[in-house]
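Here's the letter readout for the chains.
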Amino acid sequence: MSCAPLSVDGLCFTYPGEHHRALDGFGLQVVAGERVAVLGPNGSGKTTFVMHLNGLHQLQQGAITIGDLEMCDDNLAEIRRRVGAVFQDADDQLFMPSVRADVAFGPANLGVPKGDRDAIVERALTQVGAMDLIDRTPHHLSGGEKRRVAIATVLAMDPHMLVLDEPTSGLDPFGRRELADLLVSLPQTQLVVTHDLPFALQICPRSVVVSGGRVVADGPTSEVLADTALLEANRLELPYGFDPSRV
Amino acid sequence: MGGGHGSSVDRLHIAGNTVIHRLAPQVKIVATFAFVISVAIAPRQRVEVFAVALVCVLAFIAVARIPVRVWLARCAVILPFMTMAVLVPFVGGGEQTEVLGVSLSTDGLWAAFNIAAKALIGASASIVLAATTPVTGLLEGFARLRVPRVLISIVAFMIRYLDLLVAQLGRMRTAMVARAHDPRWLWQAKPIASSAGALFVRSYERGERVHQAMLARGYTGVMPDLVEQSRPRSDWWAAIIVPAPVVAVLVLGLL
Ligand SMILES: Nc1ncnc2c1ncn2[C@@H]1O[C@H](COP(=O)(O)OP(=O)(O)OP(=O)(O)O)[C@@H](O)[C@H]1O
Ligand SMILES: [Mg+2]
């Protein structure tokens, strides 16, 4: 698998009918195989940025390149195959009557023949440790189970890059640990949007801090989390008693 | 546990493996359509046509193993039509007939019978179709019948919004009950009614997000062939057999 690096330049975006910019000169370079945490306060533009990586918002200003592909209408289908996005609310991601059909939805759209889909579905579900959920109804799963199935739905499309929007929300500590192990075991380039700073430190060597729709800090996670002035200025807070230099 | 049974996406579908369940969706759509049309065009005095149609529909329900209770409950959608039908003979003019000492319009009685019979048979046929075909199968069936993609997308959206609306309503009701408001009946729940607008917007936005998640996984406006099993062409016999008895009786009467 060739892992695609990502390059984002001067991205600006205003929601229709709003006047302030949700993204305001957002820039980010990611190297193949990297795992990067995207940190930042509520409303700083993280989700808006994630949507852009899948071409779900019309590009207003700036450029996005995934591997050798420029973000434009002609490349949209291939970019959506390469970039697997796991959205903030797993309920939005699961819409088919069974987990099996839901995980098969992406491959089916990509034209994978029926006979080959079961193997793909089973492999993706096994990867996330959710093989036992295969015949369940997605809407009746617990939050953590939904999250794992949601990750399986994008893994089934064999993406080069994973973008996860707050993947730890709603997980218990054990589920969170399992998720960390899973993400570290995956070969894909990963962007992990999170408010969970210890989680970022645990799995992402590098972190960027987003504020006001742009990247305001970028560096090794341990250094970013040690910069108390930076954290305070961006409403980021480590859990009580947590010392990033002693992990 | 049957996949899809009772899921929120497929409220009407009843999992099963009967002959009717296994028919290709496009065949079922055409068969249902032909059956309903042949009943709808029958002149109202041709009572025998409606009798045959009713027997056919009851046979389909039996073959598809749809519980009689479910069938009757779903028939409730035609209650407004039935109420209307009952009123017609009282207000109709022209020749009068005595029924239990009440003078009723003969023409009105026929009109009432016409509405009631056609509504009941049409609704029952649709109930069989919906109960034996998952939503995704229906969408795929329409696609195979070359129904324009835009129309299919609209139908898909309608189904999803409707479904999300019902789910949201359930959640709002839970939230209200949790705060000691106990709406036994929907129409007692003033707070629900007054926030219907907000509810619709919320459902709409969720629908949007679901749609975006679908796009992110390569959705192009047509459901991929996930549920339906590819059926040989020989299935099409069903589209002829289903309306055949009704059409036969209808035509025989014309000779
Ligand atoms: N659909 C929308 N319409 C209008 N404005 C929006 C919409 N979605 C987000 N915004 C606005 O855009 C800005 C960025 O929002 P975004 O959802 O990207 O933030 P976020 O960093 O993901 O926040 P959170 O941490 O709470 O998820 C916010 O000011 C928000 O109010
Ligand atoms: Mg967000």
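Here, residues in each chain are numbered from 1, in the same order as that chain's written sequence. For naming, the first written chain is A and the first written ligand is 1, with later ones following in the order written. Only residues with pLDDT of 70 or above have their local features reported here, since the model is predicted, and side-chain atom pairs are shown and tallied only from 80 upward, although totals for entire chains, interfaces and linings are computed over all residues. The basis for every side-chain value is the complete set of non-hydrogen atoms in the structure, without hydrogens or water.

## Description of the coordination of the magnesium ion (ligand 2)
All names here are of chain A. Put simply, the rule reads: Metal donors were taken as nitrogen, oxygen and sulfur atoms no farther than 2.8 Å from the ion, or 3.2 Å where the ion is Na, K or Ca. Water is excluded, so coordination may look unfinished. Only DSSP runs of H or I reaching four residues or more are called helices, and only runs of E reaching two or more are called strands; each is numbered from the N terminus. Here the term buried applies to any residue with accessible area under 20% of the maximum for its type, exposed to any over 50%, and partly exposed to those in between, with areas from a 1.4 Å probe on protein chains only.
Around the magnesium ion (ligand 2), the donor atoms from the protein are Thr47 (OG1) and Gln88 (OE1), and they sit 1.9 to 2.5 Å away. Linking threonine 47 in helix H1 (residues 46–53) with glutamine 88 in the loop between strand S6 (83–86) and helix H3 (90–93), this pair joins segments that are 41 residues apart in sequence. The class for glutamine 88 is partly exposed, based on a relative accessible area of 33%.

## Topic: the packing of helix H3 (residues 47–63) of chain B against helix H6 (residues 106–132) of chain B
All names here are of chain B. For clarity, the cut-off: Note on geometry: axes are C-alpha line fits, over the in-contact stretch for helices, and angles between N-to-C directions span 0 to 180 degrees. By definition in this entry, angles of less than 35 degrees are roughly parallel, angles greater than 145 are roughly antiparallel, angles of 65 to 115 are roughly perpendicular, and the rest are oblique. In this scheme the handedness of a crossing depends on how the near helix is turned from the far one: anticlockwise by less than a right angle means left-handed, clockwise means right-handed. Two residues form a contact once any of their heavy atoms are found within 4.5 Å. Three residue categories are used. Nonpolar comprises Ala, Val, Leu, Ile, Met, Phe, Trp, Tyr, Cys and Pro, charged comprises Asp, Glu, Lys and Arg, and polar comprises the others, including Gly.
Running from amino to carboxyl end, H3 crosses H6 at an angle of 25°, the nearest separation of the two axes being 10 Å. The orientation of H3 relative to H6 falls into the category roughly parallel. The chirality of how H3 crosses H6 is left-handed. In this structure, H3 contributes Val47, Phe50, Ala53, Leu54, Val57, Phe60 and Ile61 to the contact, and H6 contributes Trp110, Phe113, Asn114, Ala117, Lys118, Leu120, Ile121, Ser124, Ala125 and Val128. For the contact of H3 with H6, the class distribution of residues is 14 nonpolar, 2 polar and 1 charged.

## Some details on the sheet that holds strand S2 (residues 23–30) of chain A
All names here are of chain A. Condition: We treat two strands as partners when DSSP finds at least two bridges between them.
The 4 strands are arranged S2-S1-S4-S5 in an open sheet whose pairing can be described as antiparallel. Edge positions in the sheet fall to S2 and strand S5 (69–70), since each has one partner strand and no second. Relative to strand S4 (residues 61–66), strand S1 (residues 6–13) runs antiparallel, the two sharing 5 bridges. By the bridge assignment for S4, serine 7 is matched with threonine 65. Contacting S1, S2 and S4, H1 runs over the sheet at an angle of about 120° to S1.

## Here we look at the packing of aromatic side chains
Geometry of an aromatic ring pair is reported as the spacing of the ring centres plus the angle between the planes. Residue and element names in this part refer to chain B. Threshold: The pairing test for Phe, Tyr and Trp rings, Trp by its six-membered ring, is centres within 6.5 Å, and the orientation test on the planes gives stacked under 30 degrees, edge-to-face over 60, and tilted for anything in between.
Tallying each qualifying case throughout the model produces 6 aromatic pairs over all chains. Where phenylalanine 35 meets phenylalanine 60, the ring centres are 5.7 Å apart and the plane angle is 70°; that geometry is what we call edge-to-face. Of this pair, phenylalanine 35 sits in helix H2 (residues 25–40) while phenylalanine 60 sits in helix H3, and the two are 25 residues apart along the sequence. Given a relative accessible area of 18%, phenylalanine 60 falls into the buried group. For the ring pair phenylalanine 50 and phenylalanine 113, a centre distance of 5.5 Å and an interplane angle of 85° mean the geometry is edge-to-face.

## Overview of the nonpolar core
We apply this condition: Here, nonpolar core means buried Ala, Val, Leu, Ile, Met, Phe, Trp, Tyr and Cys residues that are tied together by side-chain atoms lying within 4.5 Å of each other.
One finds Leu39(A), Val103(A), Leu125(A), Ile151(A) and Leu183(A) to be the most contacted residues of the largest nonpolar core, which totals 47 residues. Setting aside anything within four residues of it in sequence, one finds Leu125(A) in contact with Val99(A), Val103(A), Ala130(A), Met131(A), Ile134(A) and Ala152(A). If you look at the next biggest cluster of nonpolar residues, it comprises 32 residues, including Phe50(B), Ile121(B), Ile127(B) and Val246(B).

## Quick word on the environment of Leu110(A)
Residue and element names in this part refer to chain A. Along the chain, leucine 110 turns up in the loop between helix H4 (99–109) and helix H5 (114–127). Accessibility expressed as a relative area gives 37% for leucine 110, which makes it partly exposed. Counting along the chain gives 32 residues from leucine 110 to glutamate 78, while the straight-line C-alpha distance between them is 9.5 Å.

## Some thoughts on the site of ligand 1
Residues and elements named next belong to chain A. In plain terms, the rule: Note on definitions. A residue lies near a molecule or strand when any single heavy atom of the residue is within 4 Å of it. Here a polar contact is taken to be a pair of N or O atoms separated by no more than 3.5 Å, where protein atoms must pair a possible hydrogen donor with a possible acceptor and residues adjacent in sequence count only if both atoms sit in side chains. Here the accessible surface of atoms and residues is derived via Shrake-Rupley with a 1.4 Å probe, and residues count as covered only by protein chains that are part of the display.
Of all residues adjacent to ligand 1, which total 15 residues, the nearest are Asn42, Gly43, Lys46, Thr47 and Thr48. With respect to ligand 1, the side chain of tyrosine 15 contributes an N or O atom lying 3.4 Å from a nitrogen atom. Between ligand 1 and glutamine 88 there is a distance of 3.1 Å, counted from an oxygen atom to a side-chain nitrogen or oxygen. Here ligand 1 loses 66% of its free accessible area of 640 Å² to cover by the protein chains. Of the residues assigned to the shell around ligand 1, the class counts are 3 nonpolar, 9 polar and 3 charged.

## Structural notes on the confidence of the model for chain B
Residue and element names in this part refer to chain B. Rules: A residue's pLDDT is simply how confident the predictor is in it, with values from 0 to 100.
Looking at chain B, the pLDDT average stands at 78 and 71% of residues meet or exceed 70. Looking across chain B, the model is least confident in helix H9 (residues 190–194), with a mean pLDDT of 54, and most confident in H3, with 95. Scored below 50 in pLDDT, residues 1–8 shows 12 contacts in the model against residues more than four places distant or in partner chains. Low confidence marks residues 185–189, where pLDDT is under 50. Its contacts with residues over four positions away, or in another chain, come to 5 contacts. Complex prediction metrics read pTM 0.68 and ipTM 0.84.

## Considering the side chain of Asp196(A)
All names here are of chain A. Within the element layout of this structure, aspartate 196 appears in the loop between strand S8 (189–193) and helix H8 (197–203). The exposure class of aspartate 196 is buried, given its relative accessible area of 15%. Polar side-chain contacts of aspartate 196 include one of 3.1 Å to the backbone nitrogen of phenylalanine 199. What aspartate 196 contacts, discounting residues up to four positions off in sequence, is Thr168 and Arg176.

## Side note on the pattern of salt bridges
Where charged atoms from two side chains of opposite charge approach closely, those side chains can pair. All names here are of chain A. Convention followed: What counts as a salt bridge is simple: a side-chain nitrogen of Lys or Arg found within 4 Å of a carboxyl oxygen of Asp or Glu.
One pass over the structure, following the stated rule, counts 16 salt bridges over all chains. Arginine 100 is the partner of aspartate 118 in a salt bridge, and the nearest nitrogen-oxygen pair spans 3.4 Å. In this pair, aspartate 118 is assigned in helix H5 and arginine 100 in helix H4, connecting sequence segments 18 residues apart. Each of Asp68, Glu78, Arg81 and Arg82 takes part in a single network of salt bridges with overlapping partners.

## Some thoughts on the sheet that holds strand S7 (residues 161–165) of chain A
Strand pairing in a sheet is mediated by backbone hydrogen bonds. Such pairs are either parallel or antiparallel. Residue and element names in this part refer to chain A. Strands sit in the order S6-S7-S8-S3-S9-S10 across an open sheet of 6 strands; the sheet is mixed. Two strands bound the open sheet, and with one partner strand each, they are S6 and strand S10 (214–220). Taken pair by pair, the neighbouring strands of this sheet meet at an average axis angle of 15°, ignoring direction.

## Quick notes on a nonpolar patch on the surface
All names here are of chain B. For clarity, the cut-off: Within this analysis, patches are made of residues with over 30% relative accessible area and no salt bridge. Like charges are joined at 9 Å or less; nonpolar side chains (Val, Leu, Ile, Met, Phe, Trp, Tyr) at 5 Å or less.
Together, Val19, Val63, Trp237 and Ile241 make up a nonpolar patch on the protein surface, roughly 370 Å² of accessible area in all. Along the polypeptide, valine 63 turns up in helix H3. Here valine 63 falls in the partly exposed class, since its relative accessible area comes to 42%.

## Brief notes about the side chain of Ser44(A)
All names here are of chain A. Here serine 44 shows up in the loop between strand S3 (35–39) and H1. Here the side chain of serine 44 touches proline 41 through a polar contact of 2.7 Å, landing on its backbone oxygen. Residue contacts for serine 44: discarding those within four places in its chain leaves Ala22, Val210, Ser211, Gly212 and Gly213.

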